[in-house]
Amino acid sequence: MADVVGVLGLGNIGGGMARRLVELEYQVWGYDPVPAAADGARAAGVRVTGSARELGAAVPVVIASLPNPAAVLDACLGAGGVLDAMARGATLIETSTIDPHTIRHVAAEAERRGLHLLDLALSGEPPQALRGELVFMAGGDEALLDSHRPLLESLSRKIHHSGGIGTGKTVKLVNNLMSLSNIAAAAEAFVLGVKCGMEPQRLFDILSTSGGRSAHFTHDWPGVLAGDYRPGFKTSLAAKDLGLILDLAAQEDYAAVMAPVICGLYREAVDAGSGEEHFTSLVKLYESRAGVSVQPAEEAGAR
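This structure is a prediction, so every number in the text was calculated from the model and none was measured.

**Things to note about the packing of helix H9 (residues 167–195) against helix H12 (residues 235–251)**
Helix-helix packing is characterised by the crossing angle of the two axes and by the distance between the axes. Contact geometry for H9 and H12: axes closest at 10 Å, N-to-C directions at 125°. Looking at the two axes, H9 sits oblique to H12. As for the relative orientation of H9 and H12, their crossing is left-handed in sense. Here Leu173, Asn176, Leu177 and Leu180 of H9 lie close against H12, whose contacting residues are Ala238, Asp241, Leu242, Leu244, Ile245 and Leu248. Its residues assigned to classes, the contact of H9 with H12 comprises eight nonpolar, one polar and one charged.

**Observations regarding the pattern of salt bridges**
Side-chain pairing between opposite charges can occur once the charged atoms of the two side chains come close. Evaluated as defined, the whole model comprises 13 salt bridges. For Lys169, the salt bridge identified is with Asp119, shortest N-O distance 3.7 Å. One end of the pair, Lys169, is in helix H9; the other, Asp119, is in strand S6 (residues 116–123), with 50 residues separating them in the sequence. Assigned by exposure class, Lys169 and Asp119 land together as buried. The partner of Glu268 in a salt bridge is Arg289, and the shortest N-O contact between them spans 2.6 Å. Separated by 21 residues along the polypeptide, Glu268 in helix H13 (residues 258–274) and Arg289 in helix H14 (residues 283–290) bring together distant segments of the chain. Residue class for Glu268 comes out partly exposed when judged on its relative accessible area of 33%. A single salt-bridge network, built from bridges that share partners, covers Asp84, Glu109, Arg112 and Arg113.

**Considerations on the nonpolar core**
Residues Phe190, Trp221, Leu242, Tyr266, Leu282, Val283 and Val294 are the most contacted members of the largest nonpolar core, which totals 35 residues. When contributions to this core are tallied by element, the ones reaching two or more residues are H9, helix H10 (200–207), helix H11 (215–225), H12, H13 and H14. The element contributing the most residues to this core is H9, with nine residues. By size, the runner-up hydrophobic cluster in this structure holds 28 residues, among which are Tyr26, Val28, Val46 and Ile63.

Here is what the cut-offs are and how they apply
- Residues numbered from 1 in each chain as written.
- Predicted model: local features only at pLDDT ≥ 70, side-chain atom pairs only at ≥ 80, totals over all residues.
- Heavy atoms only, no water.
- Axes fitted to C-alpha atoms, helices over the stretch in contact; angles between N-to-C directions.
- Helix = DSSP H or I, 4+ residues; strand = E, 2+ residues; numbered from the N terminus.
- Parallel < 35°, antiparallel > 145°, perpendicular 65-115°, else oblique.
- Left-handed = near helix turned anticlockwise from the far one by under 90°.
- Contact = heavy atoms within 4.5 Å.
- Nonpolar A, V, L, I, M, F, W, Y, C, P; charged D, E, K, R; others polar.
- Salt bridge = Lys/Arg side-chain N within 4 Å of Asp/Glu carboxyl O.
- Buried < 20%, exposed > 50% of the residue type's maximum accessible area, 1.4 Å probe, protein only.
- Core = buried A, V, L, I, M, F, W, Y, C linked by side-chain atoms within 4.5 Å.

And the structure:
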């Protein structure tokens, strides 16, 4: 049964991981309540079940990739949830971007049922999921992590053991705060540069080799210059994650200063119609306010 895996949630990331495992000749089972996601996974060779409970009963390991804490609690602990159907000794590998308090609650319920849980957070977008190039931050028992390392290595290029249950989600949220803040700062700075007369491509060429750059800027800004905002990581998900970060700060009595401002910007972008676009579409807010476009003249003309 070592090569039999279930994937709970077959959206962009979960579906990508499921396809990757099918390509590596794992026997992959999956469940998603969204028909389009389930049909796409089925076409790729995933054995799609009719419920989360049915999935849990079929496999020794379930990888969960779900949109928010409420979905995790429902799919894991609700009526027909996956944990009630999993055999004692089975493992839930929970990869959703949720808060550490929720994953600790799910872990306690899993332990009560005689199950194992890894608090796994990930960094990467759908193309990295398809290619097995994600980065994992794993919280939980290190021996349990090592026992599942061959599976996880097939999906990733790097695995970090972050500590106990809850640390994976903590690292994910603070990493997202850094990443989303970097893009917000890049959007403001880049539009200012263009407003001052810099040619956009020349400005990017310089900034992408200068001290202010970030991994997301160098990787994702060429899409901005091309006017290509296909997700990727959606602006709506960025706003959702920032809401989780604000909640976590409040729970920890931590007076975050930048996070509320950054969260407000992404929520404004969602309200402006960019929720289903790549999160770099935040730059449109600044373009609108400045009355300039960051696309080079030939790109703007082509569109």
